[in-house]
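The chain contents come next:
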Amino acid sequence: MALNLRQKQTNFIVRMLNLNQPLNTGGGGISSVSATTEEVYKILIMDAFCRVVLSPLIRVNDLRKHGVTLYFGIDKERQKVPDVPAVYFVRPTPENVDRIAADASRGLYDSFHLNFSSSLPRPLLEDLARRTLEKDAVHRISKVYDQYLEFVSLEDGLFSLAQPKTYVQINDPSAGDREIEDIVEKIVGGLFCVLATLGVVPVIRCARGGPAEMIAAALDARLRDHLIARNNLFTESGLTSSFQRPILCLFDRNFELSVGIQHDWSYCPLVHDVLGMKLNRVTMPAEKGAAKSYELDDSDPFWVANSWSPFEKVAEEIETQLSKYKQDVDDVNRRTGGKDGVEFDGTDLIGNTKHLMNAVNSLPELTERKKMIDKHTNIATVLLGEIKERSLDAYCTLENDMLTKGSVDRSALLALLRGKGTKVDKIRLAITYLLSLETTPQSELEAIETALRESDVDTRAFQYVKKIKSLNASLAASASSASRSNIVDWAEKLYGQSISAVTAGMKNLLSGGRQLALTRTVEALMEGKPNPEVDSYLVFDPRAPKTGSGAQLKGPFKEAIVFMIGGGNYVEYRSLTELAQRSQPVKHVIYGTTELLSGIEFVEQLTELGQKMGLGNSGASPSQ
């Protein structure tokens, strides 16, 4: 696969850890430094963001394999370690440059190999040069590299820019032009890093209006400016034909709001939502002693095989794996325990020795299996406790029914709002109700709001979604007679495509259930055939002349990068992965977002926006 972002980012990081020496990439897995290069022991200095970048890719043991004996945060006080090189991996900020200059002037390390997560601005580079010259420390700076690694690869097809609260910042009614431009610039910088790491210049598609168009236009301009240089980051990919280039589809979170809010019944979204998985790691609630922390990534075969399975299937699979493990242990014990009443002759000795050797060889594998089974048993036990306590199965069923059928069982809805579940569960159900119906009767709305108040629920998130839904309806009515391109005001751009995809009558039905509007749209954009749903989508091709229409580059595409502005989730990632796998021939789709959000975290951002707009009540906390 050409678009294996996680592997490519890992290769760049390993090369950086080996003082940017060429890598030996043969044999797969984590690349190693060329055998001809002598291993150098070094210290690694990182800022908080770059530590997040490294965390899902390289463990502490892997750092040692690459000669890293110690690692520190750049903001911590550090002792002098002479005769040892230091590898710095930090963001290009004035604070980090100040710290590097101070470290060099104090002569903390023998040599400094500076790696910035994105492009170091010229003024900061000149400032670093001036300050190290003044302190006679410039000889300690060995090399300065722009690494373009300012994003977090969580899986082969999943990345995040780790930019918190983007949804609030973009939708903040008090945000001025300068703030919006800063956010757009930050997102464009992150996407540029992703494309530079992949070494591809995509064709960009997005809906008209809103943040997606602003980011698409800015990214197109950034890529055009960069491609002017002869030796640019995309030189190697410059010879590929347009047919082989990927498509980059940009979407705003408001395109399909409900997916960010609804409860899901699959293992991975449940772990993310209920247990707060971060950077492929989940920390279990501590009952006695220290809290347990587990890695959940491609090194765990059970997670790889079952992360998208419904929860009840996961529980069955754990039972199956446990009984298989017990059977294998009994088999080993039986083979190595000898046979009663049999005379011990030479043949038996050879046979027994063979069985003992096989048993010894199988012990590490059995131990790993037991650890894996124990880990998932613990996780599933905690999840089951939460499901029972909060009636999460009932929430999942009712929300899915509302979103697929576009209708609601009012008595079941009100019973859940007055029954089990946290305050956030209830507000999520109420918002899903709002989004699933074209029109919401006033009497039903009042009954729901009364039920929420009775449960002491903060309704600001609900009021905010209700407000944008009504704004969206009025804008749609006023825009029906005018050309959409006439809507240029920021607020109109923002709300003009708000929730229309979700409230458009739920045409998203497949034989097995609901197909996300996002997945359906990406499929249409990749096919590149005339389709009323996507014909109005804009095309930006950074490699084409500015005067060209770009119509000839509308597909078909084998590879796609789908990027969600304002927060993504595992439900969308799963849906796009399934799309790629069921396509003939198989396609390759990468899903990225400004930040991965659970339903709880997304409701917090909606509540903050409701507060900024002066909506709803503020008497109750939305946290529980």
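Here the structure is a predicted model, which means the values were calculated and not measured.

Student: With reference to specific residues and values, describe the overall build of the protein chain.
Tutor: Within the protein chain, the regular secondary structure consists of 21 helices and 18 strands. The 624 residues of the protein chain split such that 50% are buried. Long-range contacts, defined as pairs at least 24 residues apart, comprise 80% of the intrachain contacts of the protein chain with a sequence gap of at least 6.

Student: Talk me through the pairing of strand β17 (residues 559–565); I want residue IDs and the actual numbers.
Tutor: Across the 7 residues that make up β17, a large majority, 7, are buried. Alternating positions in β17 separate into two faces, Glu559, Ile561, Phe563 and Ile565 on one and Ala560, Val562 and Met564 on the other, with burial throughout. One ladder, built from 6 bridges, connects strand β11 (residues 247–252) with β17; its direction is parallel. Note on β17: the bridge partner recorded for phenylalanine 251 is methionine 564.

Student: Go over the sheet that holds strand β5 (residues 81–90), please, and point to the residues and values.
Tutor: The 5 strands are arranged β4-β3-β5-β6-β7 in an open sheet whose pairing can be described as parallel. Two strands in the sheet have a free side with no partner beyond their single neighbour: β4 (68–73) and β7 (141–146). The mean angle between the axes of side-by-side strands here comes to 20°, regardless of whether they run parallel or antiparallel. As paired strands, β5 and strand β6 (residues 109–116) are joined by 7 bridges and run parallel to one another. From the neighbouring strand, valine 87 faces β6, where its bridge partner is histidine 113. Where helix α1 (residues 5–17) meets the sheet, its contacts fall on β3 (42–46), β4, β5 and β6, and the angle it forms with β5 comes to roughly 155°.

Student: Could you give an account of the side chain of serine 111, naming the residues involved and the relevant values?
Tutor: Topologically, serine 111 is positioned in strand β6. Looking at serine 111, the relative accessible area reads 11%, which means it is buried. With near-sequence residues (within four places) excluded, serine 111 lies in contact with Val84, Pro85, Ala86, Arg140 and Ser142.

Student: Kindly report on the packing of helix α15 (residues 423–436) against helix α16 (residues 442–454), identifying the contributing residues and their values.
Tutor: At their nearest, the axes of α15 and α16 sit 11 Å apart, and the two run at 170° to each other. By the criterion of interaxial angle, the relationship of α15 to α16 is roughly antiparallel. Every residue of α16 that contacts α15 at Lys426, Ile427, Ala430, Tyr433 and Leu434 is listed here: Glu444, Leu445, Ile448 and Leu452.

Student: Please give an account of the nonpolar core that cites residues and values.
Tutor: Grouped together as the largest cluster of nonpolar side chains are 69 residues, with contacts concentrated most on Phe251, Val271 and Ile379. Discounting residues that sit within four places of it in the chain, valine 271 has contacts with Gly276, Met277, Val282, Leu296, Trp303, Ile379 and Leu383. Counting residues in hydrophobic clusters, the runner-up holds 38 residues, among them Ile180, Phe192, Leu198 and Ala216.

Student: Which residues make up the state of the cysteines, and what values do they have?
Tutor: One pass over the structure, following the stated rule, counts 0 disulfides. Distance from the sulfur of cysteine 249, which forms no disulfide, to the nearest cysteine sulfur (cysteine 206) is 9.8 Å. A relative accessible area of 0% means that cysteine 249 is categorised as buried.

Student: Summarise the environment of alanine 207; cite the residues concerned and give the values.
Tutor: Within the secondary structure, alanine 207 is located in the loop between β10 (203–206) and α8 (210–227). Each C-alpha atom of the pair alanine 207 and serine 536 lies 7.1 Å from the other, and the pair is 329 residues apart in sequence.

Student: Go over the sheet that holds β10 with me, naming the residues and quoting the values.
Tutor: Here we have 7 strands laid out as an open sheet, ordered β8-β9-β18-β17-β11-β10-β16, and mixed in their pairing. Taken across any chain shown, the strands that pair with only one partner, and hence form the sheet edges, are β8 (152–155) and β16 (538–540). Sheet twist, expressed as the mean angle between neighbouring strand axes with direction ignored, is 25°. Here β8 pairs with strand β9 (residues 158–160) via 3 bridges, running antiparallel. Within the sheet, the bridge partner assigned to valine 152 lies in β9 and is serine 160.

Student: How would you sum up the confidence of the model for the protein chain? Please name residues and give values.
Tutor: This prediction gives the protein chain a mean pLDDT of 84; 82% of its residues lie at or above 70. This model gives residues 237–243 a pLDDT under 50, and the stretch forms 8 contacts once residues within four places in sequence are excluded. Here residues 618–624 is modelled with pLDDT under 50, and outside its nearest four sequence neighbours on either side it reaches 13 contacts, counting other chains as well.

Student: Provide a residue-level description of the environment of serine 583, including the pertinent values.
Tutor: As for its placement among the helices and strands, serine 583 is situated in the loop between α20 (570–582) and β18 (588–593). On the basis of relative accessible area, serine 583 is assigned to the buried category, the value being 10%. At a separation of 2.7 Å, a polar atom in the side chain of serine 583 contacts the main-chain carbonyl oxygen of leucine 579.

Student: I'd like a rundown of the side chain of glutamine 163, residues and numbers included.
Tutor: Secondary-structure assignment places glutamine 163 in the loop between β9 and α6 (166–171). Setting aside residues up to four positions removed in sequence, glutamine 163 forms contacts with Lys186, Ile187, Thr594 and Glu595.

Student: Lay out helix α14 (residues 410–418) in plain terms, naming residues and giving numbers.
Tutor: Every buried residue of α14 is accounted for by Leu413, Leu414, Leu416 and Leu417. Mapping the buried residues of α14 onto a view down its axis gives an arc of 160°, with all of them on the same face. Tucked into the core, α14 has its buried residues touching α13 (392–405), α15 and α16.

Student: I'd like a description of the environment of serine 411, backed by residues and values.
Tutor: For serine 411, the position within the fold is in helix α14. Within the structure, the side chain of serine 411 is placed 2.9 Å from the side chain of aspartate 409, a separation counted as a polar contact.

Student: Hey, could you go over the pattern of salt bridges for me, with residue numbers and the actual values?
Tutor: Per the stated rule, a full pass over the model turns up 36 salt bridges. Here arginine 59 ties to aspartate 297 by a salt bridge, and the two come within 2.9 Å at their closest N and O atoms. Placement of the pair is arginine 59 in the loop between α2 (48–54) and α3 (60–65) and aspartate 297 in the loop between β13 (293–295) and α10 (301–306), with a sequence separation of 238 residues. The class for arginine 59 is partly exposed, based on a relative accessible area of 37%.

Student: Summarise the packing of aromatic side chains; cite the residues concerned and give the values.
Tutor: Scanning all chains against the criterion turns up 14 aromatic pairs. Their ring planes at 55° and their centres at 5.7 Å tell us that tyrosine 109 and phenylalanine 112 sit as a pair that is tilted. Considering the side-chain rings of tyrosine 167 and phenylalanine 602, the 5.0 Å spacing of their centres and the 75° angle between planes classify their relative orientation as edge-to-face. In this pair, tyrosine 167 sits in helix α6 while phenylalanine 602 sits in helix α21 (residues 599–612), placing the two residues 435 residues apart along the sequence. Judged by relative accessible area, which is 1%, tyrosine 167 ranks as buried. The structure contains a cluster of three or more aromatic residues connected by ring pairs, namely Trp308, Tyr570, Tyr573 and Tyr591. Sitting over the ring of phenylalanine 49, arginine 91 keeps its end group 3.9 Å from the ring centre.

Reading guide: rules and limits
Residues numbered from 1 in each chain as written. Predicted model: local features only at pLDDT ≥ 70, side-chain atom pairs only at ≥ 80, totals over all residues. Heavy atoms only, no water. Helix = DSSP H or I, 4+ residues; strand = E, 2+ residues; numbered from the N terminus. Buried < 20%, exposed > 50% of the residue type's maximum accessible area, 1.4 Å probe, protein only. Contact = heavy atoms within 4.5 Å. Pairing = 2+ DSSP bridges. Axes fitted to C-alpha atoms, helices over the stretch in contact; angles between N-to-C directions. Parallel < 35°, antiparallel > 145°, perpendicular 65-115°, else oblique. Core = buried A, V, L, I, M, F, W, Y, C linked by side-chain atoms within 4.5 Å. Disulfide = S-S within 2.5 Å. pLDDT = per-residue confidence, 0-100. Polar contact = N/O pair within 3.5 Å; in protein donor to acceptor, adjacent residues only side chain to side chain. Arc of directions from axis to C-beta. Salt bridge = Lys/Arg side-chain N within 4 Å of Asp/Glu carboxyl O. Phe/Tyr/Trp six-rings, centres within 6.5 Å; stacked < 30°, edge-to-face > 60°. Lys NZ or Arg CZ within 6 Å of the ring centre and 35° of its normal.

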